[in-house]
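An overview of the molecular structure
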Amino acid sequence: MMMDLAGMAERYLTARDTFLSNARKAGWQTESIAHPLQGPGGITLHTDIASAGNPDSDYLLMVTSGTHGIEGYLGSEIQSRLLAEGIVAADARDCHAVMVHAVNPYGFAWHRRVNEDNVDLNRNFIDFDAPLPVNEDYEEFYSLLNPVEWNEQYEETLKGEAAAAIARLGLGPVFKAVSGGQYRYPQGLQYGGSGPSWSRQTIEAIWSRMMTGKKCATQIDIHTGLGEPGVGVLLTYGAEEQARIRRARTMWEDIFVSPPPGSGDVMAQGVLGPRLEEMFPKEDVLAVVLEYGTLPPVDVLHGIAADNWLHHHGRIDSPAGSRIKQLMLDAFYLDDAGLREKAYLRARDVVSAAGRYV
Ligand SMILES: [Zn+2]
């Protein structure tokens, strides 16, 4: 399978149009914020917002997609179907509901997990005035993950060495070294950036506006690429004794709560959700990720490393480029209607439980 520039442009535009038209049909208000850069074939890119319910309500429910660009294809479908099925009532008096489509529209349309600056947005929400986090373990994997030449032999080496490293060290430590984030190599995988990205500034402005007058908020950010195929796992940071975690448990018994990363721990600093909680410390804000599995970790890593190579050393508009863009879609979208149905039903339960919480 191949995915050329025209194919990518059409996919993005179709996802966006479906979201906007379903929102309008359901009586939601929409607005669009244009991204400064173009998509494949010169198309215009947007972060789109749909809102409904009562803006003066104390409670904000927000569902976001595409923080990791291409992961937005599944998130977009889920959002569009939630709108079509009226899962959050457009006229709810006790809830202000907001959906943000394509937090990172550049990565979404270009089939990248990162943004226009090669930045993983979930490593970008750090304090750039403080010393940058250091991920020493990343160095060990740098040359494996960031080759100058890309060919079949290299692909075999990557998969073999990644599988061997997982067998030797365990998935956790490898995942942490590779995916924890790094702020030293702008062309490397999992780069966190050198300042607040366009997407960060945009979503923070949306939050500031939507949080006006709110006392309580639930934010659900939809992701893909980690876990069992089609299974959606809810994740957040915190400790069981915290009020916001107790609130989470009343909505979703099965949410997975991890300890917050410490200052010496590079793993998962700069994540979107915790930043929202930090921006509104006086309000009861709960930000969670709904993460869906797609392919095994080695295949996902293969797609990301290939795509990173492509953008720094290859040509997107080439047979190799088309093949890698399809690899990315395979790694972050569920090309199976049954699994997508399962994924949707899970999201419907998660979102409706959050909608009922007031
Ligand atoms: Zn993600």
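Residues numbered from 1 in each chain as written. Predicted model: local features only at pLDDT ≥ 70, side-chain atom pairs only at ≥ 80, totals over all residues. Heavy atoms only, no water.

1. Overview of the overall build of the chain
- The helix and strand inventory of the chain stands at 12 helices and eight strands.
- Relative to the globule expectation of 21 Å for 358 residues, the C-alpha radius of gyration of the chain, 19 Å, shows essentially globular dimensions.
- A principal-axis box enclosing the C-alpha atoms of the chain has dimensions of 60 × 45 × 40 Å.
- For the chain, the residues scored as buried account for 56% of the 358 residues in total. (Helix = DSSP H or I, 4+ residues; strand = E, 2+ residues; numbered from the N terminus. Rg over C-alpha atoms; globule rule 2.2 N^0.38 Å. Buried < 20%, exposed > 50% of the residue type's maximum accessible area, 1.4 Å probe, protein only.)

2. Concerning the coordination of the zinc ion
- Looking at the zinc ion, one finds its protein donor set to be His68 (ND1), Glu71 (OE), Glu71 (OE) and His223 (ND1), positioned 2.0 to 2.6 Å from the metal centre.
- Every donor counted, the four donor atoms about the zinc ion form angles of 55 to 144 degrees at the centre, which fits irregular coordination.
- Binding-site remark: the zinc ion is held by donors from one chain whose sequence spacing is H-x2-E-x151-H. With Glu71 in the loop between β3 (59-64) and α2 (72-84) and His223 in strand β5 (residues 216-229), this pair connects stretches of sequence that are 152 residues apart. (Donors = N, O, S within 2.8 Å, 3.2 Å for Na, K, Ca; no water. Tetrahedral: all angles 85-135°; square planar, octahedral: opposite > 155°, others 65-115°.)

3. A few points about the pairing of strand β8 (residues 284-293)
- Counting buried positions over the 10 residues of β8 gives nine, a clear majority of the element.
- As defined by bridge partners, β5 adjoins β8 across 10 bridges and the pair is classed as parallel. Following the sheet pairing, His223 is matched in β8 by Glu291.
- In terms of strand pairing, strand β6 (residues 232-237) meets β8 through four bridges, oriented antiparallel. What sits directly across from Gly232, in β8, is Tyr292. (Pairing = 2+ DSSP bridges.)

4. Some remarks on helix α10 (residues 297-313)
- In this model α10 runs 24 Å from its N-terminal to its C-terminal C-alpha over 17 residues, within 8% of the 24 Å that 1.5 Å per residue would give.
- Buried residues dominate α10, accounting for 12 of its 17 residues.
- Of all the residues in α10, the buried ones are Val298, Val300, Leu301, His302, Gly303, Ile304, Ala305, Ala306, Asp307, Asn308, Trp309 and Leu310.
- Structurally, α10 contributes buried residues whose contacts are with α4 (138-145), α5 (152-169), α6 (171-179), β5 and α11 (319-332). (Expected span 1.5 Å × (residues − 1). Contact = heavy atoms within 4.5 Å.)

5. Points about the packing of aromatic side chains
- In this structure the tally under the stated criterion is nine aromatic pairs.
- Judged by centre distance (6.2 Å) and plane angle (40 degrees), the rings of Phe125 and Trp207 are tilted. In this pair, Phe125 sits in the loop between α3 (105-109) and α4 while Trp207 sits in helix α7 (residues 198-210), placing the two residues 82 residues apart along the sequence. Each member of the pair, Phe125 together with Trp207, is buried.
- Ring geometry for Trp150 and Trp309: centres 6.2 Å apart, planes at 35 degrees, overall tilted. (Phe/Tyr/Trp six-rings, centres within 6.5 Å; stacked < 30°, edge-to-face > 60°.)

6. Concerning empty space enclosed by the protein
- Tallied over the entire structure, the rule returns two cavities of 30 Å³ or more.
- In this structure, the largest cavity encloses a volume near 80 Å³.
- For the lining of the largest cavity, the element with the most residues is α10, which contributes three residues.
- Across the lining of the largest cavity, the residue classes break down as four nonpolar, four polar and three charged.
- Volume-wise, the second largest cavity comes out at about 40 Å³. (1 Å grid on protein atoms, 1.4 Å probe; cavity = no way out; pocket = protein on both sides within 12 Å on 5 of 7 lines; lining within 4 Å. Points joined across faces, edges and corners; volume = space filled by probe spheres on them. Nonpolar A, V, L, I, M, F, W, Y, C, P; charged D, E, K, R; others polar.)

7. Digging into the packing of α5 against α10
- One way to put it is that α5 packs onto α10 with a least axis distance of 10 Å and a crossing angle of 135 degrees. With respect to each other, α5 and α10 are oriented oblique. You can see that α5 and α10 cross each other, and the crossing is right-handed. Contacts from Glu155, Leu158, Lys159, Ala162, Ala163 and Ile166 in α5 reach Val298, Asp299, Leu301, His302 and Ala305 in α10.
- Looking at the contact of α5 with α10, its residues break down into seven nonpolar, one polar and three charged. (Axes fitted to C-alpha atoms, helices over the stretch in contact; angles between N-to-C directions. Parallel < 35°, antiparallel > 145°, perpendicular 65-115°, else oblique. Left-handed = near helix turned anticlockwise from the far one by under 90°.)

8. Focus: the pattern of salt bridges
- By the definition in use, this model includes 21 salt bridges.
- Of the charged contacts, one joins Lys159 and Asp299 as a salt bridge, the two residues approaching to 3.9 Å between their closest N and O atoms. Of this pair, Lys159 sits in helix α5 while Asp299 is found in helix α10, placing the two residues 140 residues apart along the sequence.
- For Lys159, a relative accessible area of 27% translates into the label partly exposed.
- Residues joined by salt bridges that share partners form a network here, namely Arg200, Glu204, Arg275 and Glu278. (Salt bridge = Lys/Arg side-chain N within 4 Å of Asp/Glu carboxyl O.)

9. Some words on unusual backbone geometry
- A positive phi angle is found at His111, which is not glycine, with a value near 55 degrees.
- His111 gets classed as buried once you look at its relative accessible area, which sits at 0%.
- One non-glycine residue, Gln190, lies in positive phi territory at about 65 degrees.
- Residue placement: Gln190 occurs in the loop between α6 and α7.

10. Details of the nonpolar core
- Ranked by size, the top nonpolar core spans 83 residues in total, and within it Trp28, Ile220 and Trp252 carry the most contacts.
- With eight residues, the single largest contributor to this core is α10.
- In contact with Trp28, not counting residues within four places along its chain, are Ala23, Ala50, Ser51, Ala52, Leu83, Val88, Ala90, Ala97, Val98 and Met99.
- Core analysis: the next-biggest nonpolar cluster, separate from the first, contains 18 residues, Met62, Val98, Trp207 and Leu276 among them. (Core = buried A, V, L, I, M, F, W, Y, C linked by side-chain atoms within 4.5 Å.)

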